[in-house]
Amino acid sequence: MPNVTIRHARIAGVCSRGMRAFAKEHNLDWDEFLKNGLPSEQFRAIDDATCQLVAEIAEKEVEGKSDE
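Quick notes on the rules
- Residues numbered from 1 in each chain as written.
- Predicted model: local features only at pLDDT ≥ 70, side-chain atom pairs only at ≥ 80, totals over all residues.
- Heavy atoms only, no water.
- Helix = DSSP H or I, 4+ residues; strand = E, 2+ residues; numbered from the N terminus.
- Rg over C-alpha atoms; globule rule 2.2 N^0.38 Å.
- Buried < 20%, exposed > 50% of the residue type's maximum accessible area, 1.4 Å probe, protein only.
- Contact = heavy atoms within 4.5 Å.
- Areas by Shrake-Rupley, 256 points an atom, 1.4 Å probe, with all protein chains shown as cover.
- Lys, Arg positive; Asp, Glu negative; His and termini not counted.
- Charge placed at Lys NZ, Arg CZ, Asp CG, Glu CD.
- Expected span 1.5 Å × (residues − 1).
- Polar contact = N/O pair within 3.5 Å; in protein donor to acceptor, adjacent residues only side chain to side chain.
- Salt bridge = Lys/Arg side-chain N within 4 Å of Asp/Glu carboxyl O.

Asks: When you look at the overall build of the protein chain in this model, what are you seeing that I'm missing?
Replies: On a plain count of helices and strands, the protein chain comes out with 5 helices and 2 strands. In terms of C-alpha radius of gyration, the protein chain reaches 11 Å, essentially the compact-globule figure of 11 Å for 68 residues. Expressed as lengths along the three principal axes of its C-alpha atoms, the size of the protein chain is roughly 30 × 25 × 20 Å. Across the 68 residues that make up the protein chain, the buried fraction comes to 34%. Sequence separation of 24 or more characterises 59% of the internal contacts of the protein chain that already satisfy a separation of 6 or more. Entry remark: accessible area of the protein chain is about 4,400 Å², with carbon and sulfur atoms responsible for 48%. Measuring between centres, the 9 positive side-chain charges of the protein chain sit 6 Å from its 13 negative side-chain charges.

Next comes the structure, spelled out in structure tokens:
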């Protein structure tokens, strides 16, 4: 599984401020997220439509199916 990065969140329409608050709420390592991204499994495990979308964007990118 690929890492989800801030770029994937932005593609999904999530701003940095919103993503930072979301990361804090769900105990995601913000610094690691910015530096290297976080495994898409972490996002898939969160019951949230935006998390699912962000994970899907990262996964499609790895598969070569990016809709950017």
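So that's the structure; there's more coming.
Asks: Could you clarify how one ought to interpret helix α5 (residues 49-63) in this entry?
Replies: What sets the pattern is the α-helix's 3.6 residues per turn: residues three or four places apart point alike. For α5, built from 15 residues, the straight-helix expectation of 21 Å at 1.5 Å per residue is met to within 8% by its first-to-last C-alpha distance of 21 Å. If you follow the buried residues of α5, they end up packed against β1 (3-4), α1 (6-11), α2 (16-25) and α4 (40-44). Between the side-chain oxygen of the N-cap and the backbone nitrogen of Thr-50 there are 3.0 Å, and the N-cap of α5 in question is Asp-48.

Asks: Help me out: how do you make sense of the environment of Leu-34 in this one?
Replies: Its place among the elements puts Leu-34 in helix α3 (residues 30-36). Its relative accessible area of 42% is what places Leu-34 among the partly exposed residues. Put simply, Leu-34 and Met-19 are 15 residues apart on the chain and 10 Å apart in space, counted from C-alpha to C-alpha.

Asks: When you look at unusual backbone geometry in this model, what are you seeing that I'm missing?
Replies: With glycine set apart, most residues show a phi of negative sign, and most peptide bonds adopt trans. Within the chain, Asn-27 stands out as a residue other than glycine whose phi angle is a positive 55 degrees. In this structure, Asn-27 sits in the loop between α2 and α3.

Asks: Please clarify how the pattern of salt bridges should be interpreted in this entry.
Replies: For the coordinates displayed, the defined rule picks out 3 salt bridges. Measuring nitrogen to oxygen at the nearest pair gives 2.4 Å for the salt bridge that ties Glu-61 to Arg-7. With a gap of 54 residues between them, Glu-61 in helix α5 and Arg-7 in helix α1 connect regions that are remote in the sequence. Take Glu-61: its relative accessible area is 27%, and that puts it in the partly exposed class. With a relative accessible area of 37%, Arg-7 lands in the partly exposed category.

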